[in-house]
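One letter stands for each residue in the lines below.
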Amino acid sequence: MKNLYMMQACDKPDGIISLPYSIGILYAYAFQDDVIRANYRLCGLFVEKLDPERYLCILEKPDVFAFSCYIWNFEYSKQLAKQIKEAYPECVIIFGGHSIPIGQSKLLQELPYVDYLIHGEGEIPFQELLLYQIGCLDRECVNNISYRLDDKISYNYHSDCIVEDYPSPYLTGVFDKMFDDPDARYSATIETNRGCPFQCA
C-alpha cells in the first residue's frame, strides 16, 4: 500500500478549523476507483499551518503528498514541501489549486522539489496521477499536468477535462476522522459553482 497525504493549509481565525473541501473532493473522487482503494491508504488530511518539523515527526514514509495551493497558503506549502522532499526524496510532491496557473509556467523550474503541477480542475488529473504511480496508466495519458521530461517541461492541458458529477466529501465520510476534538469549531464550505464566478483569471 502507498501512503497518501493531502494538505489544504489554512489559518485558524478565532480557533475555527476550515474543512478542506477541495482536497476532500479530490480524495472522494479518486477513491471511487477500486484499484486506487486497493493500492493507497489516506494517512492524513492536513489543514493547519503547523511548524513543518511537527508534520515531519508524524509522517509515515509518505509516497505521495498533494498540496492544494492558494494565495494564503502558497508560501507555507512550498516550505513544507521542500522539507518533505529533503527528508523523503522518493515522495512524489503534487501541487494544484488556484495558485497554479492554467497555462504553462516556470514553477517547476523554480520549485525543484515539486514533481507535478495540476492545472485547472483536479479530480481527473489527480485520479490519473495516482493510477500512473502504480503502473496502471501511461504518464502521457494523464490530463492537465506538467512534469519534467529530461531537460524540458512537458505540459498537457485539455480545457474539457472537467467533472460535473462528483461525490460529496461530507456525505462519503471523508471528514469524519477530523471531528475527534469535541471542543473544536469548524467552518464548512459548500461550493455552488466550479471556478471563480468573476472569471478574472
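That block above? That's the structure.
Residues numbered from 1 in each chain as written. Predicted model: local features only at pLDDT ≥ 70, side-chain atom pairs only at ≥ 80, totals over all residues. Heavy atoms only, no water.

## Digging into helix α1 (residues 21-30)
Step number 1: Counting buried positions along α1 gives nine out of ten residues, so the element sits mostly inside the fold.
Step number 2: Listing the buried residues of α1 in full gives Tyr-21, Ile-23, Gly-24, Ile-25, Leu-26, Tyr-27, Ala-28, Tyr-29 and Ala-30.
Step number 3: Check the buried side of α1 and you find it contacts β1 (2-10), α2 (34-39), β3 (40-48), β4 (64-68) and α6 (123-133). (Buried < 20%, exposed > 50% of the residue type's maximum accessible area, 1.4 Å probe, protein only. Helix = DSSP H or I, 4+ residues; strand = E, 2+ residues; numbered from the N terminus. Contact = heavy atoms within 4.5 Å.)

## Details of the environment of Asp-165
Step number 1: Among the structural elements, Asp-165 can be located in the loop between β8 (152-156) and β9 (185-187).
Step number 2: On the basis of relative accessible area, Asp-165 is assigned to the exposed category, the value being 68%.
Step number 3: Separated by 78 residues in the primary sequence, Asp-165 and Ala-87 place their C-alpha atoms 38 Å from one another.

## Description of the pattern of salt bridges
Step number 1: Applying the stated criterion to the full structure yields seven salt bridges.
Step number 2: A salt bridge links Glu-60 to Arg-41; the nearest nitrogen and oxygen atoms lie 2.8 Å apart. Placement of Glu-60 in the loop between α3 (52-58) and β4 and of Arg-41 in strand β3 is noted, with a sequence separation of 19 residues between them.
Step number 3: What makes Glu-60 partly exposed here is its relative accessible area of 44%.
Step number 4: Its salt-bridge partner being Glu-86, residue Lys-82 comes within 2.7 Å of it at the nearest N-O pair. On the criterion of helical spacing, the pair formed by Lys-82 and Glu-86 is a turn pair, its members being four residues apart in helix α4 (residues 74-87). (Salt bridge = Lys/Arg side-chain N within 4 Å of Asp/Glu carboxyl O.)

## Let's talk about the packing of α1 against α6
Helix-helix packing is described using two parameters, namely the angle between the two axes and the distance between the axes.
Step number 1: It is the contact of α1 with α6, at a shortest axis distance of 9 Å, that shows an interaxial angle of 55 degrees. Taken together, α1 and α6 sit at an angle that is classed as oblique. The element α1 and its partner α6 pack so that their crossing is right-handed. Between α1 and α6, the contacting residues are Ile-25, Leu-26, Tyr-29 and Ala-30 on the first element and Glu-123, Ile-124, Phe-126, Gln-127 and Leu-130 on the second.
Step number 2: Split into classes, the residues belonging to the contact of α1 with α6 amount to seven nonpolar, one polar and one charged. (Axes fitted to C-alpha atoms, helices over the stretch in contact; angles between N-to-C directions. Parallel < 35°, antiparallel > 145°, perpendicular 65-115°, else oblique. Left-handed = near helix turned anticlockwise from the far one by under 90°. Nonpolar A, V, L, I, M, F, W, Y, C, P; charged D, E, K, R; others polar.)

Functional significance is not addressed by these values, which are geometric in nature.
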